[in-house]
Every structure is written in structure tokens, then in C-alpha cells.
Amino acid sequence: MSLPPGTIRPVAARVVLGGVWLLALWNAARAMALAQQTDWLTGLPFAVDSRWRLALAGGWAALLALSAIGLWRQWPAARRFVPLLLLCYGVYELGMIIAFSPTPPALLPVLLYAGFVGFAGWALWRPIADKSFPLTHRLKEVAESRTHESQD
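The model shown is predicted, which means the values in this text are computed figures rather than measured ones.

With that settled, the discussion passes to the overall build of the protein. The helix and strand tally for the protein stands at seven helices and zero strands. Secondary structure elements of the protein, listed N to C terminal, follow the sequence α-α-α-α-α-α-α. Counting over 152 residues, the protein shows a buried share of 32%. Taking contacts inside the protein between residues at least 6 apart in sequence as the whole, the part at least 24 apart equals 71%. Of the accessible surface of the protein, which amounts to about 10100 Å², a share of 70% is contributed by carbon and sulfur atoms.

Next up, the structure:
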């Protein structure tokens, strides 16, 4: 019995895909919780309106879900975009911790965000990941064949 045709995704890329889905679900749940508590939160003396946090949580949920779909469908732009998106999300989250907490963030969240962004970059930008994204792999083959034809 032979394997079905297609590409096999590296384990590291599957871990990144799962992490991006979890972040998307986390932000969707955060948006739902903020939506349910909007009346109560508007009475509190925050510097930032809670409706902005609701909109940002919904926006991050949509962006992360779209990037997870892009990774799952193996869009070539998703490989380059996801680690940068995770870096922006980590900066946003740490900024929110700094803005809404009287104490600076502990070292553990900073290390976790940096580790996940570094792992995502390594998993998606290494050369073996080219083979798991078929369009990127085909584009490189076409470019190489054109350079070989022009040399002949």
C-alpha cells in the first residue's frame, strides 16, 4: 500500500499551526468574555476603553485564524507572515500587561513569547519547510530550470 499523493508537513510546522489555532481561539474567547462584560467594564476607571480591547481581541482572533488557515492550506505567504504576526502579537500582549498592571511583566511571559516566535521562525523559514509548501517548492524549481535553460 502506498501513501496518498501530497506533501507531508514537518512536525514543527504542525506544532506552529496548532499554536496559532490556540491563540486564535484564545482571542475569540477573550472577545466573547469582553462582549459579555462590557456594561460592567465601562464603569471602571481604565485609561483605555474596554470596547477597544474587545475590538482588538476580535481583530487578533480573525488575523490569527486567517493565518492558521493559510498555514493549513499551505499558502506561500503564510510561511513568511506567521512569525512576524506572532512577534507583533507578543509585543501587543506584553504592552497590554504593562499598560494594565501596576507591576512590570515577569520574565516567564517574555521568554514564552520570544521562544514561540523563535520556534515559529525556525520551523517555517528553514529549507526543509520549502518542500511542505508545494507552491513555493514549484516556484523555486521553475526559477532553477529557467536559470539552467539560460546557461545552455
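Continuing now.
Glycine aside, negative phi is the norm for most residues, and most peptide bonds take the trans geometry. We note that Gln74 has phi near 65°; this positive angle belongs to a residue other than glycine. Assignment of secondary structure puts Gln74 in the loop between helix H3 (50-73) and helix H4 (76-100). With a relative accessible area of 14%, Gln74 lands in the buried category.

Here the focus is the packing of H3 against H4. The contact between H3 and H4 brings their axes to 10 Å, and the two run at 160°. The angle between the axes of H3 and H4 places the two elements in the roughly antiparallel class. Classified by chirality, the crossing of H4 by H3 is left-handed. The segment H3 lies against H4, with Arg53, Leu56, Trp60, Leu63, Leu64, Ser67, Gly70 and Leu71 engaging Ala78, Phe81, Val82, Leu85, Leu86, Cys88, Tyr89, Tyr92, Met96 and Phe100. A per-class count over the contact of H3 with H4 returns 15 nonpolar, two polar and one charged.

This paragraph deals with the nonpolar core. Residues Val16, Val20, Leu64, Leu71, Val82 and Leu86 are the most contacted members of the largest nonpolar core, which totals 23 residues. Look past the residues within four positions of Val16 in its chain and what remains in contact with it is Leu71, Val82, Phe116, Phe119, Ala120, Ala123 and Leu124.

Here the focus is the environment of Leu94. Along the polypeptide, Leu94 turns up in helix H4. By relative accessible area, which is 17% here, Leu94 ends up buried. Placed 16 residues apart in sequence, Leu94 and Val110 show a C-alpha to C-alpha distance of 7.4 Å. When near neighbours in sequence (up to four residues on either side) are disregarded, Leu94 contacts Pro105, Pro109, Val110 and Tyr113.

We now examine the pattern of salt bridges. Scanning the model with the defined rule gives one salt bridge in all. Taking the shortest distance from any N to any O, the salt bridge between Arg30 and Glu93 comes out at 2.6 Å. Placement of the pair is Arg30 in helix H1 (residues 11-36) and Glu93 in helix H4, with a sequence separation of 63 residues. Note on Glu93: relative accessible area 8%, which makes it buried.

With that out of the way, let us pick up a nonpolar patch on the surface. A cluster of nonpolar residues, Trp21, Leu66, Ile69, Trp72 and Trp75, forms a patch on the protein surface that exposes about 530 Å² of accessible area. By residue number, the principal contributor to the nonpolar patch is H3, which donates three residues. With respect to the helices, strands and loops of the structure, Trp75 is situated in the loop between H3 and H4. Using a relative accessible area of 39% as the deciding quantity, one classes Trp75 as partly exposed.

Spanning 19 residues, helix H5 (residues 107-125) covers 27 Å between terminal C-alpha atoms, matching the ideal 27 Å at 1.5 Å per step. If you check which residues of H5 are buried, you get Val117, Ala120, Gly121, Ala123 and Leu124.

Cut-offs and rules
Residues numbered from 1 in each chain as written. Predicted model: local features only at pLDDT ≥ 70, side-chain atom pairs only at ≥ 80, totals over all residues. Heavy atoms only, no water. Helix = DSSP H or I, 4+ residues; strand = E, 2+ residues; numbered from the N terminus. Buried < 20%, exposed > 50% of the residue type's maximum accessible area, 1.4 Å probe, protein only. Contact = heavy atoms within 4.5 Å. Areas by Shrake-Rupley, 256 points an atom, 1.4 Å probe, with all protein chains shown as cover. Axes fitted to C-alpha atoms, helices over the stretch in contact; angles between N-to-C directions. Parallel < 35°, antiparallel > 145°, perpendicular 65-115°, else oblique. Left-handed = near helix turned anticlockwise from the far one by under 90°. Nonpolar A, V, L, I, M, F, W, Y, C, P; charged D, E, K, R; others polar. Core = buried A, V, L, I, M, F, W, Y, C linked by side-chain atoms within 4.5 Å. Salt bridge = Lys/Arg side-chain N within 4 Å of Asp/Glu carboxyl O. Patch = residues over 30% accessible without salt bridge, like charges linked within 9 Å, V, L, I, M, F, W, Y side chains within 5 Å. Expected span 1.5 Å × (residues − 1).

Functional significance is not addressed by these values, which are geometric in nature.
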